[in-house]
Amino acid sequence: MNWLTNFIRPRIRSLVQPKEAPDNLWQKCPSCEGMLFHRDLAENMNVCTHCGHHLRITVKERLALLFDGGTYETFEIPNVAQDPLKFKDKKKYADRLKDSQTKTKLKDAMTIAKGTVDGIPLVVSAFNFSFMGGSMGMAVGEAIVKGAEEAIKAGAAFMVIPASGGARMQEGMLSLIQMPRSIIAVEMVKEARLPYIVLLTDPTTGGVSASFAMVGDIHIAEPGATIGFAGKRVIEETIREQLPPGFQTAEYLLEHGMVDMVVPRKEFRQTLARILGMLMNKGAYEASKNGKGRKSLNGRTNGAGVLPATYGGTKAMAQVKQAEKALKKLAAVKEKPAQKKAAGSA
C-alpha cells in the first residue's frame, strides 16, 4: 500500500488544493484605495490607473525612465567617517547604517548618475528614500558636491531629485553643515553658467527643502508631492490656526509661486528634454559634437563646444575646501576627549 500513500495521495492533493498567490501581486492606492495589479502599475510608471496618484518609485526605475535608452553611468559616493559622534538611541547608528545598506544594497541615501536626455548631457544626484528616509548626512553632502563637480567637468546640466525627510539627526551638527555645503555646490554649477534643475518628489521636507532643493533655476514637482519644511501638525500647533486644504502640496506651491511647474511622471522626460534644449542651446551642442566648435550657452568653448573642466566654481571650490577643513577640526575636537577617556581608563 506504500505506493498509494507515498505517490497517489500527494498527487491528488496537489491537483485539488488551491495554490497560494504571491503577496505582491496587488497594491492598494494610498489615495483612492483602489486595488492595482503590479503589471498595470509598472506599465503606468507607478501612477494609479484609477485616480492618477503618483506612488513612490525607486531611483533605479526613475533613472531608467529619464535617460536615453535607459542607460547611464553611476559614480561612487566619496567615503566619509562612519558614525563620527558614536550616536546611540534605541539602536546604535552604526547598526542602523549596516541594516539600511544590507536592505537596500546601497552605500548611502544618494545615487549619482550621468547620461543624456534627448542627446543633451545631464548629471543627476537622486535621493533614495528607502535608505533611512533619504535623510541627509555627510555622505549625501559629499554626493551633491561630487555631482556638481562631474557636471562642471562634462559641461552638463545638473539636476537633483530630493525625496527626503531632512537632515540626519544621528550626525548632529555634521549633518546640518551639509546644508551650506550643498548651497556651495550649487553655486559652483551656477558660476560655470550651467543649468541647475530640481525635481521635487514626495516628500521634500526639513533641511533639504531649506537648502539646495529650493534654489534651482527651474523647480519641477510631481503631482501631489509633499513639499515643505516643518510638518503640517507642528505648524498648526505652533500658530494655533487651521491650515488651508492642500497646504504643502505641489499644486499649492505652484499656485503661490514656489514651484515653476507640476508635471505628471509620463510627461516629465519630454518636458525636461525641452527645457534642456532651450537652456543648453541644443543646436550649438549638436554642432560641437560634429567638430564645428560653436559656442556653448555661456559663450565659452574649448573647441569641443563645451566648457573646460577648470572653468567656473573657483570661488565655490575654495569655500568647499574651507568647509572640509572645518569638518576635520570638529572631528579632531570630538576625538580628543575620547582619547583622554581611553587613556584614563587604561
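Residues numbered from 1 in each chain as written. Predicted model: local features only at pLDDT ≥ 70, side-chain atom pairs only at ≥ 80, totals over all residues. Heavy atoms only, no water.

Overview of the overall build of the protein
The condition is simple: Under the DSSP-based scheme used, a helix requires at least four consecutive residues in state H or I and a strand at least two consecutive residues in state E, with every element numbered from the N terminus. Note on exposure labels: buried denotes an accessible area under 20% of the residue type's maximum, exposed denotes more than 50%, and partly exposed covers the range between, all computed with a 1.4 Å probe on protein chains only. Here a residue-residue contact requires only that any non-hydrogen atoms of the pair lie within 4.5 Å. The method behind every accessible area is Shrake-Rupley, applied with a 1.4 Å probe, and residues are considered shielded solely by the protein chains displayed.
If you tally the helices and strands in the protein, you get 13 helices and nine strands. Out of the 346 residues belonging to the protein, those deemed buried represent 42%. For the protein, the share of sequence-separated contacts (at least 6 apart) that also reach a separation of at least 24 residues comes to 65%. Accessible area of the protein: about 19200 Å², with a carbon and sulfur share of 54%.

A few points about the sheet that holds strand β9 (residues 261-262)
Basically, it comes down to this: A strand pair is defined by DSSP finding two or more bridges across the two strands. As a rule, the C-alpha atoms of each element are fitted with a line to give its axis, helices using only the stretch in contact, and angles between N-to-C directions run from 0 to 180 degrees.
The seven strands lie next to each other as β3-β4-β5-β6-β7-β8-β9, forming an open sheet whose pairing is mixed. Of all the strands in the sheet, the pair left with one neighbour each is β3 (73-75) and β9. Against the sheet, helix α11 (residues 265-279) touches β4 (110-117), β5 (120-127), β6 (157-161), β7 (196-200), β8 (218-221) and β9, its axis set at about 125 degrees to β5.

Describing a nonpolar patch on the surface
Note the threshold: Each patch is assembled from residues with relative accessible area greater than 30% and no salt bridge, linking like charges that lie within 9 Å and nonpolar side chains (Val, Leu, Ile, Met, Phe, Trp, Tyr) that lie within 5 Å. Here, a salt bridge means any side-chain nitrogen of Lys or Arg that lies within 4 Å of a carboxyl oxygen of Asp or Glu.
A surface patch of nonpolar side chains, about 280 Å² in accessible area, is lined by Met-173, Leu-176 and Leu-330. Turning to its location among the elements, Met-173 is positioned in helix α6 (residues 172-176).

What to know about helix α5 (residues 138-154)
Filter applied, for reference: In this analysis, the expected span of each helix is defined as 1.5 Å times one less than the number of residues it contains.
Its 17 residues give α5 an end-to-end C-alpha distance of 24 Å, which sits within 8% of 24 Å, the value for a rise of 1.5 Å per residue. Summarising burial for α5: 13 of the 17 residues are buried, a large majority. Positioned one or two residues after α5, Gly-155 has a phi angle of 60 degrees, which is positive.

Observations concerning a positive patch on the surface
Worth spelling out the cut-off: Positive charges are assigned to Lys and Arg, negative charges to Asp and Glu, while His and the chain termini are left out of the count. Lysine's charge is taken at NZ, arginine's at CZ, aspartate's at CG and glutamate's at CD.
A cluster of basic residues, Lys-321, Lys-325, Lys-328 and Lys-329, forms a positive patch at the surface. Topologically, Lys-321 is positioned in helix α13 (residues 314-345).

Some details on the packing of aromatic side chains
Which entries qualify depends on this criterion: Aromatic pairs are defined between Phe, Tyr and Trp rings, using the six-membered ring for Trp, whenever the two ring centres lie within 6.5 Å; interplanar angles under 30 degrees are classed as stacked, those over 60 as edge-to-face, and all others as tilted.
Going through the model one piece at a time under the given rule, you end up with five aromatic pairs. With a centroid separation of 5.2 Å and an interplanar angle of 55 degrees, the aromatic rings of Trp-26 and Phe-37 are classed as tilted. Here Trp-26 is found in strand β1 (residues 26-28), whereas its partner Phe-37 is found in strand β2 (residues 35-37), with eleven residues between them in sequence.

Examining the nonpolar core
Here is the rule we go by: Put simply, buried Ala, Val, Leu, Ile, Met, Phe, Trp, Tyr and Cys residues joined by side-chain atoms within 4.5 Å make one nonpolar core.
Leu-66, Leu-122, Val-124, Met-159, Phe-212 and Leu-272 are the most contacted members of the largest nonpolar core, which has 67 residues in total. Excluding its chain neighbours within four sequence positions, the residues that come into contact with Met-159 are Leu-66, Leu-122, Val-123, Val-124, Ser-125, Ile-197, Phe-268 and Leu-272. In this structure, Cys-29, Leu-36, Cys-48 and Leu-55 belong to the second largest nonpolar core, which totals five residues.

Here's the deal with the state of the cysteines
Note the threshold: Working definition: a disulfide is two cysteine sulfur atoms within 2.5 Å of each other.
Counting across every chain of the model gives zero disulfides. Just so you know, Cys-48 is unpaired, no disulfide at all, and the nearest cysteine sulfur is the one on Cys-29, 3.7 Å from it.

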